[in-house]
2 protein chains.
Amino acid sequence: MNPQNRQAKKLQRRKQQSKRSYAAARKPLWQPPRAATSLSIEEDPLAANYGNIPLLDLQSKVEADLKAWTKVGDLTHELKGKEVLIRGRAQTMRAVGKNMAFIVVREKGFTVQCVVTAQPDVVSKQMVKFAAGLSRESIVDVHGVVSVPSIAIKGTTQQVEIQVSKLYCVDKAMPTLPINIEDASRSEKEIEEALQAGEKLVRVNQDTRLNNRVLDIRTSANQGIFRIQCQVCNIFRQFLLSEDFIEIHTPKLIAGSSEGGSAVFKLDYKGQPACLAQSPQLHKQMAICGDFGRVFEIGPVFRAEDSYTHRHLCEFTGLDIELEIRQHYTEVMDIVDRLFVTMFDHLNNKCSKDLEAVGRQYPFEPLKYLRKTLRLKFEEGVQMLKEAGVEIDPYGDLNTESERKLGQLVLEKYGTEFYILHRYPLAVRPFYTMPCFDDPKYSNSFRCLYSR
Amino acid sequence: MNPQNRQAKKLQRRKQQSKRSYAAARKPLWQPPRAATSLSIEEDPLAANYGNIPLLDLQSKVEADLKAWTKVGDLTHELKGKEVLIRGRAQTMRAVGKNMAFIVVREKGFTVQCVVTAQPDVVSKQMVKFAAGLSRESIVDVHGVVSVPSIAIKGTTQQVEIQVSKLYCVDKAMPTLPINIEDASRSEKEIEEALQAGEKLVRVNQDTRLNNRVLDIRTSANQGIFRIQCQVCNIFRQFLLSEDFIEIHTPKLIAGSSEGGSAVFKLDYKGQPACLAQSPQLHKQMAICGDFGRVFEIGPVFRAEDSYTHRHLCEFTGLDIELEIRQHYTEVMDIVDRLFVTMFDHLNNKCSKDLEAVGRQYPFEPLKYLRKTLRLKFEEGVQMLKEAGVEIDPYGDLNTESERKLGQLVLEKYGTEFYILHRYPLAVRPFYTMPCFDDPKYSNSFRCLYSR
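Presented here is a report on the structure given in the accompanying data block. In this text, all values refer to a predicted model and were calculated from it rather than measured experimentally. (Residues numbered from 1 in each chain as written. Chains lettered and ligands numbered in written order. Predicted model: local features only at pLDDT ≥ 70, side-chain atom pairs only at ≥ 80, totals over all residues. Heavy atoms only, no water.)

1. Overview of the sheet that holds strand β7 (residues 246–247) of chain B
Residues and elements named next belong to chain B. Where we set the bar: For two strands to be treated as a pair, DSSP must find no fewer than two bridges joining them. Strands here mean DSSP runs of E at least two residues long; helices mean DSSP runs of H or I at least four residues long; both are numbered from the N terminus. Residues are treated as being in contact if the distance between any of their heavy atoms lies within 4.5 Å. Every axis corresponds to a line fitted to the C-alpha atoms, with the helix fit spanning only the stretch in contact, and the corresponding angles, defined between N-to-C directions, vary from 0 to 180 degrees.
Across the sheet, which stays open at both edges, the three strands sit in the order β7-β11-β12 with mixed pairing between neighbours. The sheet terminates laterally at β7 and β12 (315–323), the two strands that pair on one side only. Across nine bridges, strand β11 (residues 294–302) lies against β12 in antiparallel orientation. Following the sheet pairing, Phe 296 is matched in β12 by Ile 321. Packing against the sheet, helix α9 (residues 281–289) makes contact with β11 and β12, and its axis sits at approximately 25° to β12.

As structure tokens, this is what we get:
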């Protein structure tokens, strides 16, 4: 029997079991089972308002219009008094006696408190018990009315509550998970403060996070990081497309190394030696020779680095641009300058919720940047460092320490954490860099620097 | 001496030579040399209007505003009588006696005919000679007035000419290149027709093209293909972002194979066995389990295929989407349906020039598609084939031949070359496909098919 048939049989069996337990086979879509087995066998006249939805009822059946789910992130004061339906994960459950339970429901990193209160003709005590007994990270459908509590809500992103009338578990999570999202969402500050108050909160370590990445990426901060990352690429692309660039996809499997300086991953390509591209540099340049004028690429870059610093990665997503220069290399700096300012602006304006989500767990100050990016000549940078008592080789490169120091000095003098350093010494630039016309010890090159 | 210093020295030498030959060192930017050495040594009072610009004059000097270059692709009747400056490649040169020369100048695949006519006080005979003697693919700056000839212009994309007043060579190409772009741009039809008329035109073979990719991608058709490819990704992304998807970048270096069925490239990852991702499938699914809801990725896919067909590639750019289903798998088909129609519309509307450029070399008919994509059940497809005399296993997959036949039948019956075939037999789908609720021999799955 092949796996598909086995799977089909298994489903068939489950279906029959489900028919026996729920007699729900002929019920219309979403009509819940009469009683949820996980609760109790005693008859509950309000059993239709809650329970586990069996797989059979979740399968694709009638092609109907999509129900009107409200996004948790859209739950605001404006919806006060409105009936809504939300779908999300049951992040934390808390019972208060037998008549009340709280569930924090989370969708895409946004959380809302749902209140299940026993009340005649709507919510039974069994339903409260069912709510309190949900396993963390189960997916639930919650029907209810939006209410605005008189005091500010701590611990959820949304400042409203939902007074629950119906509650269905769409997908039950395992009772014990290696990570609780609540724990994984905690900032160091919270942990420290609790410790000082004598309480020891769980700290989820990096290895546990990486070993359970599917759970860890559910935190509000990680959801925010991925959405910001998506927007970084989006605004990068949109800006460049509007400036007449075209997006290309250069080969990643190549015959030689792309650029000196970093180690390559080697592999066997049908009997021939090949390696993974360490940079799209040469292919981008070929695209320019091939008359594209202006190109960019967003794609993976592979470097078999042996350094373990926060600046070294074996695989990362590179954002690369290349353009022909018509008169002066400042044309490139102009593009890059406007590109970054556009990106910073866009993130501040369009990703404020995501930045907030990241900031709650990993506090940070907004980036200080100028409307027109500061352009500092390498010589000027060397001079600034010298005046501050730091002597460096004027024709060498900045090391991490002098770069940091220069960043500090620039911030003090110009009030920006982002700047362009140009006219680098020719000796420290790659072979294809043009020397400066007035002093061949320097080159028509630049780097963008963040001073943090 | 390190390579940078060597390079600097070399440039310095060239600069000095250039000073000696042209005495142009202190001239303002773009002031051309007094006489172009490639022409003749006799004094030409109009020498300032043409010549090779020495490297020294091309180096970044004064930061000035960009000159107003007109794009070749923008040269239309509306500019009649206007003075323009264009920069492009000298694709072909043709002298007509000593007083006239034609240059076809190409920029990003768009071509225009430039006419150099000897005339007092503007264009000397030496300038005509200089124009006719340019090496193909040299980059030139052409100043002139736009004119509209009384007869239609064959052989260029733009239907105007430029009456040249100044002509400078910015970068001289080698006198002989392995490919002439004119040859590489020819359609099979042209070659055949010429052959029948007794003329043998050059046909550039695939291996020559691939060995000289930088030249080959300069053809109008290839420029169009790359721009269309860029727009395919662009509209794909914009549509999905507007539908609440987020873009992710999944790892390409992974520990195991991503999905059965195709061979993997293996490599050594710092002493551990690793391989290149054959598909982002499992990572996309993890992203869904990780609460992203809807994700997509555009990135390289690696398959160590041993099949040599037009459907097998060892490395290609994959466009992948994944979304959670809320009620019915038709939700996925709805997205995909609208996605493709949006893409087809966009390409037809926004890339018409590029489609034309491709069509001139590789003629094709516009795609026939419906406003709402046809959805055919696998069973229905089998039935249509049966009625047409083709018997296939109703629970197996379509082979290339039956797929082609079905495409024909669909085109005849429904008038579309693009359709969705769904409810595939479960046995031929991967392990994660959901069986149909009413018949577990079929599955909640689909494929988009083009019938050509």
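2. Observations concerning the state of the cysteines
Residue and element names in this part refer to chain B. Put simply, the rule is: When two cysteine sulfur atoms lie within 2.5 Å, the pair is treated as a disulfide. For the exposure calls, accessible area comes from a 1.4 Å probe over protein chains only, and a residue counts as buried if that area is under 20% of its type's maximum, exposed if over 50%, partly exposed in between.
Tallied over the entire structure, the rule returns zero disulfides over all chains. The cysteine Cys 114 is free of any disulfide, with Cys 169 supplying the nearest cysteine sulfur at 14 Å. You can call Cys 114 buried: its relative accessible area is 0%.

3. A look at the packing of helix α8 (residues 220–242) of chain A against helix α8 (residues 220–242) of chain B
Going by this rule: Small angles under 35 degrees read as roughly parallel and large ones over 145 as roughly antiparallel, with 65 to 115 read as roughly perpendicular and the rest as oblique. It is the rotation of the near helix from the far one that decides the hand of a crossing: anticlockwise by less than a right angle makes it left-handed, clockwise makes it right-handed. Charged residues are taken to be Asp, Glu, Lys and Arg, nonpolar residues to be Ala, Val, Leu, Ile, Met, Phe, Trp, Tyr, Cys and Pro, and polar residues to be all remaining types, Gly included.
One way to put it is that α8(A) packs onto α8(B) with a least axis distance of 12 Å and a crossing angle of 135°. Between α8(A) and α8(B), the crossing angle belongs to the class labelled oblique. Along this stretch, α8(A) crosses α8(B), giving a crossing that reads as left-handed. Residue-level contacts link A:Cys230, A:Asn234, A:Arg237, A:Gln238 and A:Leu241 of α8(A) to B:Cys230, B:Asn234, B:Arg237, B:Gln238 and B:Leu241 of α8(B). Residues belonging to the contact of α8(A) with α8(B) are distributed by class as follows: four nonpolar, four polar and two charged.

4. Side note on helix α10 (residues 330–350) of chain B
Keep this limit in mind: One fewer than the residue count of a helix, multiplied by 1.5 Å, yields its expected span.
Given a rise of 1.5 Å per residue, 21 residues ought to cover 30 Å, and the 29 Å separating the end C-alpha atoms of α10(B) matches this to within 8%. Counting buried positions along α10(B) yields 15 of 21 residues, so the element is predominantly enclosed.

5. Structural notes on the pattern of salt bridges
Stated formally: Whenever Lys or Arg places a side-chain nitrogen within 4 Å of a carboxyl oxygen from Asp or Glu, that contact is recorded as a salt bridge.
Counted according to the given criterion, the structure contains 68 salt bridges over all chains. In this structure, B:Arg89 engages A:Asp291 in a salt bridge whose closest nitrogen and oxygen atoms are separated by 2.6 Å. One end of the pair, B:Arg89, is in strand β2 (residues 83–96); the other, A:Asp291, is in the loop between α9 (281–289) and β11 (294–302), on a second chain. The pair formed by B:Arg89 and A:Asp291 is uniform in burial state, with each residue classed as buried. What you see here is one network of salt bridges that share partners, running through A:Arg89, A:Arg106, A:Glu137, A:Arg218 and B:Asp291.

6. Re the side chain of B:Ser147
Positionally, B:Ser147 belongs in strand β5 (residues 139–147). Setting aside residues no more than four positions away along its own chain, B:Ser147 makes contact with B:Val160, B:Glu161 and B:Gln163.

7. A few points about the interface of chain B and chain A
Short version of the rule: Buried area is calculated as the accessible area (1.4 Å probe) missing from two parts once they are joined, with the contributions of both summed.
Contact with chain B, which involves 91 residues of that partner, is made by 91 residues of chain A. When chain B packs against chain A, the two sides together hide about 7,800 Å² of surface, and 56% of this comes from carbon and sulfur. The three residues of chain B that bury the most area against chain A are B:Arg326, B:Gln327 and B:Phe437, which together make up 11% of that side's buried surface. Connecting chain B to chain A are 14 salt bridges. In this structure, A:Lys108 and B:Asp244 form a salt bridge, with 3.8 Å as the shortest nitrogen-oxygen distance.

8. Structural notes on the environment of A:His249
Along the chain, A:His249 falls in the loop between β7 (246–247) and β8 (253–254). Given a relative accessible area of 23%, A:His249 falls into the partly exposed group. Separated by 48 residues in sequence, A:His249 and A:Glu297 place their C-alpha atoms 6.2 Å apart. When near neighbours in sequence (up to four residues on either side) are disregarded, A:His249 contacts A:Glu297, B:Cys233, B:Ile298 and B:Thr317.

9. A word on the packing of helix α12 (residues 378–387) of chain B against helix α13 (residues 400–414) of chain B
All names here are of chain B. Where α12 contacts α13, the two axes come as close as 10 Å, and the packing angle between them is 90°. By the criterion of interaxial angle, the relationship of α12 to α13 is roughly perpendicular. Residue-level inspection shows Gly 381, Met 384 and Leu 385 of α12 in contact with α13, the latter providing Ser 402, Lys 405, Leu 406, Leu 409, Val 410, Lys 413 and Tyr 414. By residue class, the composition of the contact of α12 with α13 is six nonpolar, two polar and two charged.

Interpretation note: all reported values are geometric properties and have no functional meaning in isolation.
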